[in-house]
Amino acid sequence: MTIHHHPPEELLVAFAAGLLDLGQHVAVATHLVGCPHCRAMVRTMEHVGGLVLADLPPTAMSVGALAAVEARLDGPGSSLAVPPRVGAGLADVPGLPPFVREYSAGPWRWIAPKVHLRAIQLPVASATRVFLLRSRPGTKMIEHTHTGFEMSCVLSGSFVHAGGHFGPGDFDFGDGTDDHEIMIDSAEDCICLVAMQGDLKLNGMIGRLLQPLIRM
Ligand SMILES: [Zn+2]
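Starting from 1, residues in each chain are numbered consecutively following that chain's sequence as written. For this predicted model, a pLDDT threshold of at least 70 governs which residues receive local features, and a threshold of 80 or more governs which side-chain atom pairs are given and counted, while totals over whole chains, interfaces and linings are taken from all residues. No hydrogens and no water enter the side-chain calculation; it runs on all heavy atoms of the structure.

### Some thoughts on the pattern of salt bridges
A pairing counts as a salt bridge when a side-chain nitrogen of Lys or Arg comes within 4 Å of a carboxyl oxygen of Asp or Glu. Scanning all chains against the criterion turns up two salt bridges. Ionic pairing is found between Asp189 and Arg134, a salt bridge with its closest N-O pair at 3.9 Å. Linking Asp189 in the loop between strand E10 (183-184) and strand E11 (190-196) with Arg134 in strand E4 (residues 129-135), this pair joins segments that are 55 residues apart in sequence. Within the structure, one salt-bridge network assembled from shared partners comprises Arg134, Arg136 and Asp189. A run of H or I in DSSP becomes a helix once it reaches four residues, and a run of E becomes a strand once it reaches two; helices and strands are each numbered from the N terminus.

See the structure below:
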């Protein structure tokens, strides 16, 4: 697997600093599992971040701080809570990292001709939705923009747009400034893990007709 497209450096910095919400974290971590180059960068950033923290003068903890942390760890929103295990439903998705297989997922839903979507339920609330998108060979995705950002990790198959060609392991980051006209150019289905915030806006007449049908 040769990876040509990586997350922007700011995103890796935010990942290393623990600033991403869970949905964003899942998308970047999915890329990191297959990308030694980005894993090395994140390790370096974490090391530098640790040195900066070590240089800071110690601060006294407030009274009750430890109890508050323990209460959060035990609470329903705890990041340490064991995610629901459904797994079997995601076992048939090629290229999905094992940690994502631990999450539960809904059924494949039709969202547009030759395109199906499968929502992944994260164990804690996240402003970023995560889903799988499966597109048949030859699918031309309707030109669209979005109001937030969109991160796509290619699991299998490939697509092409003005920003280049994206195959397994590649990471595509769209921040809503680009118009996307995407073509699935692989002989097999293209399956991506997508993390998205905001709304998708379809351009053109067919897009406006389809817009009410599409809930991404
Ligand atoms: Zn990478």
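### Focus: the confidence of the model for the protein
Reading fine detail from the predicted coordinates is not recommended where pLDDT is low. The score called pLDDT rates the predictor's confidence residue by residue, from a low of 0 to a high of 100. Residues at a pLDDT of 70 or more form 74% of the protein, whose mean pLDDT is 82. By definition, residues are in contact when any of their heavy atoms lie within 4.5 Å. Every residue in residues 76-87 is under pLDDT 50, and counting partners more than four places away or in other chains gives 17 contacts.

### Points about the packing of helix H1 (residues 9-16) against helix H2 (residues 22-34)
The convention used is that axes are lines fitted to C-alpha atoms, helices contributing only their stretch in contact, and that angles between N-to-C directions extend from 0 to 180 degrees. The N-to-C vectors of H1 and H2 enclose an angle of 105°; their axes lie 11 Å apart at closest approach. Considering their axes alone, H1 and H2 lie roughly perpendicular with respect to each other. Of the residues in H2, those in contact with Leu11, Leu12 and Phe15 of H1 are His25, Val28, Ala29 and Leu32. Residues were grouped as follows: Ala, Val, Leu, Ile, Met, Phe, Trp, Tyr, Cys and Pro as nonpolar; Asp, Glu, Lys and Arg as charged; and all remaining residues, including Gly, as polar. Its residues assigned to classes, the contact of H1 with H2 comprises six nonpolar, one polar and no charged. Oblique is the label for any angle not covered by the other classes, which are roughly parallel (under 35 degrees), roughly antiparallel (over 145) and roughly perpendicular (65 to 115).

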